[in-house]
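Residue-level listing of the chains:
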Amino acid sequence: MWNYSEKVKEHFFNPRNARVVENANAVGDVGSLSCGDALRLMLRVDPQDETILEAGFQTFGCGSAIASSSALTELIIGRTLAQAEQVTNQQIADYLDGLPPQKMHCSVMGQEALRAAIANYRGETLEDDHEEGALICKCFGVDEGQIRRAVLSNGLTTLEEVINYTKAGGGCTSCHEKIELALADILAQHPQVAAPVATTKDPHWQEVVDAITELRPHIQADGGDMALLSVANHKVTVSLSGSCSGCMMTDMTLAWLQQKLMERTGCYMEVVAAEAAAY
């Protein structure tokens, strides 16, 4: 189970400003109903001094997404746009007394919505997120720009962290290599974030990918899903979502995958599920 703070629970069960703002003059839409979480942030901004007089939201997503959206509105009401621009996803998480690592993408979604709303108010057009070559994760519509901002804002250095903060790679896993290459490129350009991470895959990586690809249709048929997080030193870490998360058959599913991997590789392979798995 997730370890939610009392403040996250409070903002989920009693969200602040969960409404449509009449006469909103700044609107930011992020996410997609077809991909999972989606957020519309609406602001009424005083044109004289650019103070945010009202903020409201409509969120489709989990409890953390709703709580993060609620927290965001509380953080920005009464601030000028210039001040609101300085609000980070980490501040949203801190306001809620923390979020589970695997739910940090909810705070990032709030920051992205604020960025979009401010651009909308100013009549600016954000760069085309999905121009050719820019889209990294098709499952959740995450582009390289979103990954870059999350990495630089939060000091991310691993594939698992990028998944946690952006959801990219949390679906079919086919974009993991693209994420790793993008991450290495970002860290190489910004060595102050962290030393560049190695992109050399475990020698059994492809065999693991093939085995999971074979297993996923059966899991999905039962309303669940599996995503590969890492392969290192004969240990495979996966995330389980949907009906697979906390399911009584989880151990059998992991055991089946472990047996298949040992048959494919000819060596012992340990398969474990990350504690949090609902991407």
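Residues numbered from 1 in each chain as written. Predicted model: local features only at pLDDT ≥ 70, side-chain atom pairs only at ≥ 80, totals over all residues. Heavy atoms only, no water.

(A) View of the overall build of the chain. Broken down by element type, the chain carries 10 helices and eight strands. Residue burial in the chain is summarised as follows: out of 279 residues, 47% are buried. In the chain, 59% of the contacts between residues at least 6 apart in sequence involve partners at least 24 apart. When the accessible surface of the chain is summed, it comes to about 13,400 Å², and 50% of that surface belongs to carbon and sulfur atoms. (Helix = DSSP H or I, 4+ residues; strand = E, 2+ residues; numbered from the N terminus. Buried < 20%, exposed > 50% of the residue type's maximum accessible area, 1.4 Å probe, protein only. Contact = heavy atoms within 4.5 Å. Areas by Shrake-Rupley, 256 points an atom, 1.4 Å probe, with all protein chains shown as cover.)

(B) Highlighting the nonpolar core. Formed by 70 residues in total, the largest nonpolar core has its most connected members in Leu43 and Ile76. Per-element accounting of this core gives the leading share, eight residues, to helix H5 (residues 104-121). Excluding anything up to four places from it in sequence, Ile76 contacts Leu41, Leu43, Ile52, Ala55, Ala84, Val87 and Leu114. (Core = buried A, V, L, I, M, F, W, Y, C linked by side-chain atoms within 4.5 Å.)

(C) Region of interest: the packing of aromatic side chains. Applying the stated criterion across every chain, the model contains one aromatic pair. Ring centres of Phe12 and Phe13 lie 4.9 Å apart, and the angle between their planes is 55°; on these two criteria the pair is classed as tilted. Against the face of Tyr95 rests Lys7, its NZ or CZ located 4.1 Å from the ring centre. (Phe/Tyr/Trp six-rings, centres within 6.5 Å; stacked < 30°, edge-to-face > 60°. Lys NZ or Arg CZ within 6 Å of the ring centre and 35° of its normal.)

(D) Here's a closer look at the packing of helix H1 (residues 6-13) against helix H2 (residues 63-76). The interhelical angle for the contact between H1 and H2, taken along N-to-C directions, is 90°, at an axis separation of 8 Å. Put simply, H1 runs roughly perpendicular to H2. Each of Val8, His11 and Phe12 in H1 lies in contact with H2, whose residues at this interface are Gly63, Ile66, Ala67, Ser70, Ala71 and Glu74. Across the contact of H1 with H2, the residue classes tally to five nonpolar, three polar and one charged. (Axes fitted to C-alpha atoms, helices over the stretch in contact; angles between N-to-C directions. Parallel < 35°, antiparallel > 145°, perpendicular 65-115°, else oblique. Nonpolar A, V, L, I, M, F, W, Y, C, P; charged D, E, K, R; others polar.)

(E) Structural context of the side chain of Gln258. Looking at the element boundaries, Gln258 is found in helix H10 (residues 250-265). The contacts of Gln258, once residues within four sequence positions are left out, are Tyr268, Met269, Glu270 and Val271.

(F) The arrangement of the pattern of salt bridges in detail. Applying the stated rule across the entire model yields 11 salt bridges. Across the pair Glu54 and Arg19 runs a salt bridge whose closest N-O atoms are separated by 3.2 Å. Here Arg19 lies in the loop between H1 and strand E1 (26-31) and Glu54 lies in strand E3 (residues 52-60), a separation of 35 residues in the sequence. Exposure remark for Arg19: the relative accessible area of 34% places this residue in the partly exposed category. The structure contains a network of salt bridges with shared partners spanning Arg19, Arg44 and Glu54. (Salt bridge = Lys/Arg side-chain N within 4 Å of Asp/Glu carboxyl O.)

(G) Expanded view of the sheet that holds E1. Taking strand neighbours across the sheet as the criterion, the three strands line up as E1-E2-E3 in an open arrangement whose pairing is antiparallel. Looking at strand neighbours, the two that pair on one side only are E1 and E3, the edges of this open sheet. Looking at each pair of strands side by side, their axes are set apart by 10° on average, direction ignored. For strand E2 (residues 38-45) and E3, the ladder comprises eight bridges, and the chain directions are antiparallel. Residue pairing for E3: Arg44 is matched across the bridge by Glu54. Together, E2 and E3 form the strand contacts of H2, whose direction differs from that of E3 by roughly 175°. Contacting E1 and E2, H5 crosses the sheet at an angle of about 140° to E1. (Pairing = 2+ DSSP bridges.)

(H) Examining the confidence of the model for the chain more closely. Of the residues in the chain, 87% reach a pLDDT of 70 or more, and the chain-wide mean stands at 83. Confidence drops under a pLDDT of 50 for residues 128-133, and excluding neighbours within four residues, the segment shows six contacts in the predicted structure. (pLDDT = per-residue confidence, 0-100.)

(I) Structural detail: the packing of helix H7 (residues 159-166) against helix H8 (residues 176-189). Running from N to C, H7 and H8 point in directions that differ by 100°, and their axes come no closer than 10 Å. Considering their axes alone, H7 and H8 lie roughly perpendicular with respect to each other. Within the contact between the two elements, H7 uses Leu159, Val162 and Ile163 and H8 uses His176, Ile179, Glu180 and Leu183. Taken together, the residues of the contact of H7 with H8 break down into five nonpolar, one polar and one charged.

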